[in-house]
Amino acid sequence: MRSPLFVSAAQRQTTDDWLSHRLTRALETIRAGKASPTLDLEGFKEELAARNFEHPEALEPLLEWTVKSMENGAVQMTHPRYFGLFNPAPSYPSECADRIGAALNPQICVLSHAPVAVLIEQHVIRRVGQRVGFGEKAGGHFTSGGSEANATAVACALTRALPQFADNGCRAFSGQPRIYVSNESHLAWLKIAHVSGMGRRAVRMISTDGSGRLCANALSKQIDSDLASGDVPVMIAATAGTTNAGMVDPLERCSELARKHNLWLHVDAAWGGALIADDSQALILRGIELADSVTIDAHKWFATTMGTGMFLTPHLGTLEATFHAKASYMPSGDAEVDYYLTSLQWSRRFSGLRLFLALAAGGWDAFAQHIRRGQALIRRLNQALVVEGWVVANSSEMAVTCLVPPVEKTEARALRVTEIVTAVVEQGNAWVSVAIFEGAPVIRVCITNGNTGDDDVDQLATELIRLGAH
Ligand SMILES: *Cc1c(COP(=O)(O)O)cnc(C)c1O
């Protein structure tokens with residue numbers, strides 16, 4: 001009898017066809033259902049515990065059980081009223097890329113093993129890097145996400161600041177190395193500082209200007225005072241599109257300070273970086289081209305499936321100095337083409353195909369349209385709420401809004417915000433979240449789905465207005 005793990009061509013065809021139909025149905029079910037999980041999780045845990053891997057099951061019923069459980073067992077990224085945390089309903093070409101990558105499973109850590117896949121990824125990274133403004137030197141690689149890309153930036157900054165860091169670690173520095181981010185930055189910086197060996201306290205959280213942007217004067221003062229006390233500043237990480245509020249730090253001022261003190265300038269544009277697709281909005285990101293490295297997540301506003309970040313840089317030499325390695329069993333070792341010598345990962349999935357197929361099928365223009373739709377929907381929502389006495393706390397040019405319901409007393413605000421968000425999520429017709437913007441709670445709404453329409457936004461507005469009036 002054949003192993004259930006490695007099936008015949010005929011079996012593959014049958015199951016693939018069945019699964020394709022089943023997933024299309026699941027997406028319809030999700031669309032008509034709730035945005036938040038409704039599955040009885042206690043019952044599910046029992047079903048799960050019963051699967052103790054002692055009694056093999058037929059694959060098709062197992063797939064059915066998995067898909068059915070997920071239809072109402074998750075916050076649904078594909079629901080048109082998931083107004084959530086940048087997680088997209090994935091573009092269809094990127095889903096196709098996952099099927100190809102999964103079926104053929106190329107190992108793309110070296111060019112010689114998967115030349116077609118490596119060349120495709122290099123092509124995408126170069127084009128994206130050129131659009132960022134890095135010119136002919138544009139390079140980098142795909143990462144598992146923004147966090148890996150940001151960690152890569154820290155590793156490069158430390159290595160560039162002091163070559164002895166490579167062998168001796170942070171002990172090689174004459175004082176505490178420091179990185180600078182704003183209070184509104186993505187707090188994975190603390191984890192990254194931890195695993196880099198610098199320690200969480202190495203991160204200087206610079207105050208913001210009241211509108212969610214890093215305050216350049218406060219940054220300048222902090223660097224001066226750290227230098228005076230013997231610390232070693234190594235990197236400024238500016239954010240272009242904060243997670244809570246879509247605000248952009250003053251990139252040009254950050255670049256001046258980085259240049260003055262010889263620091264690595266990283267721009268974390270994990271979500272907002274997608275604006276490079278739209279020439280007419282290039283000014284929102286002005287200064288990004290001055291960075292030493294940039295993070296852009298394709299799995300956010302570029303709407304690929306999960307696990308697709310990008311680290312972009314014009315400094316291939318620093319990447320190589322940071323990630324070089326020797327292994328006798330590797331078929332080749334050329335940093336120009338072999339990703340295992342210039343990145344944190346070794347074995348690599350062909351994740352860049354997701355963005356390649358999407359860009360090739362839609363062009364930059366499909367993304368420019370996608371971005372403008374999101375922005376227009378957020379304007380529509382803001383307008384509907386402002387006339388009812390709501391306040392928009394952020395002034396982002398991106399597709400995210402931070403809303404404050406009408407309250408008589410400021411002290412009542414936190415409770416009101418939590419009550420409204422809890423009611424929306426429990427109702428399940430939409431998903432929104434509580435965020436803290438400039439120290440105060442807000443209702444955060446982001447357009448993440450290319451199929452969200454005017455009626456979805458109008459439904460949310462009606463529900464928020466009703467809940468806000470109580
Ligand atoms: C999402 C996000 C990250 C983290 O990226 P992951 O892909 O979740 O690892 C970092 N920075 C910003 C600004 C983000 O929005």
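Since the structure is predicted, the reported quantities are computational estimates derived from the model, not experimental observations.

This part is about the sheet that holds strand β8 (residues 391–392). By way of backbone hydrogen bonds, the strands of a sheet pair with one another, either parallel or antiparallel. The strand order β8-β9-β11-β10 describes an open sheet built from four strands, whose pairing is antiparallel. Bordering the open sheet on either side are β8 and β10 (433–437), each of which pairs with just one other strand. Pairing analysis gives two bridges linking β8 to strand β9 (residues 400–404), with the strands arranged antiparallel. Residue pairing in the sheet places valine 391 in a bridge with valine 404 of β9. Running at roughly 10 degrees to β9, helix α12 (residues 352–386) makes contact with β8, β9 and β11 (440–446) of the sheet.

Let us now look at the environment of valine 154. Note on placement: valine 154 falls in helix α6 (residues 146–161). Considering only alpha carbons, one finds valine 154 and aspartate 458, 304 residues apart in sequence, at a separation of 43 Å. Ignoring anything within four residues of it in the chain, the contact list for valine 154 reads Ile179, Trp189, Ile192, Ser196, Met198 and Met235.

Taken together, 13 residues sit near the ligand, with Gly146, Asp268, Asp297, His299 and Lys300 positioned nearest. At 2.6 Å, a side-chain N or O of aspartate 297 approaches an oxygen atom of the ligand. Measuring from an oxygen atom of the ligand, one finds a side-chain N or O atom of histidine 299 at 2.8 Å. For the ligand, the protein covers 86% of the area, taking 380 Å² as the surface of the free molecule. In terms of residue class, the shell around the ligand is made up of two nonpolar, eight polar and three charged.

A few words on helix α13 (residues 413–427). Turn by turn, an α-helix covers 3.6 residues, leaving residues three or four places apart pointing in a common direction. With 15 residues, α13 extends 21 Å from end C-alpha to end C-alpha; this agrees with the ideal 21 Å at 1.5 Å per step. Those residues of α13 that fall on the buried side of the exposure criterion are Arg413, Arg416, Val417, Ile420, Val421 and Val424. What you see down the axis of α13 is that its buried residues fit within an arc of 120 degrees, all on one side. Set apart from the buried face of α13 by more than 90 degrees, the exposed residues are Leu415 and Glu426. Looking at the buried residues of α13, the elements they touch are β9, β10, β11 and α14 (454–468).

Bringing the pattern of salt bridges into the picture now. Following the criterion strictly, the structure yields 19 salt bridges and no others. Close ionic contact of arginine 22 with glutamate 64 constitutes a salt bridge, the shortest N to O distance being 2.6 Å. Within this pair, whereas arginine 22 is found in helix α1 (residues 9–32), its partner glutamate 64 is found in helix α3 (residues 59–71), the two being separated by 42 residues in sequence. With a closest N to O distance of 2.7 Å, aspartate 458 and arginine 380 form a salt bridge. Taken as a pair, aspartate 458 in helix α14 and arginine 380 in helix α12 lie far apart in primary sequence, 78 residues in all. Arginine 380 gets classed as partly exposed once you look at its relative accessible area, which sits at 33%.

Counting 71 residues, the largest nonpolar core has Ile236, Val294 and Ile296 as the members making the most contacts within it. The contact partners of isoleucine 236, leaving out residues within four places of it in the chain, are Tyr180, Leu219, Ile223, Cys254, Leu257, Ala258, Leu263, Trp264, Leu265 and His266. By size, the runner-up hydrophobic cluster in this structure holds 26 residues, among which are Ala153, Val181, Trp189 and Val232.

Conventions and cut-offs
Residues numbered from 1 in each chain as written. Predicted model: local features only at pLDDT ≥ 70, side-chain atom pairs only at ≥ 80, totals over all residues. Heavy atoms only, no water. Pairing = 2+ DSSP bridges. Helix = DSSP H or I, 4+ residues; strand = E, 2+ residues; numbered from the N terminus. Contact = heavy atoms within 4.5 Å. Axes fitted to C-alpha atoms, helices over the stretch in contact; angles between N-to-C directions. Near = heavy atom within 4 Å. Polar contact = N/O pair within 3.5 Å; in protein donor to acceptor, adjacent residues only side chain to side chain. Areas by Shrake-Rupley, 256 points an atom, 1.4 Å probe, with all protein chains shown as cover. Nonpolar A, V, L, I, M, F, W, Y, C, P; charged D, E, K, R; others polar. Expected span 1.5 Å × (residues − 1). Buried < 20%, exposed > 50% of the residue type's maximum accessible area, 1.4 Å probe, protein only. Arc of directions from axis to C-beta. Salt bridge = Lys/Arg side-chain N within 4 Å of Asp/Glu carboxyl O. Core = buried A, V, L, I, M, F, W, Y, C linked by side-chain atoms within 4.5 Å.

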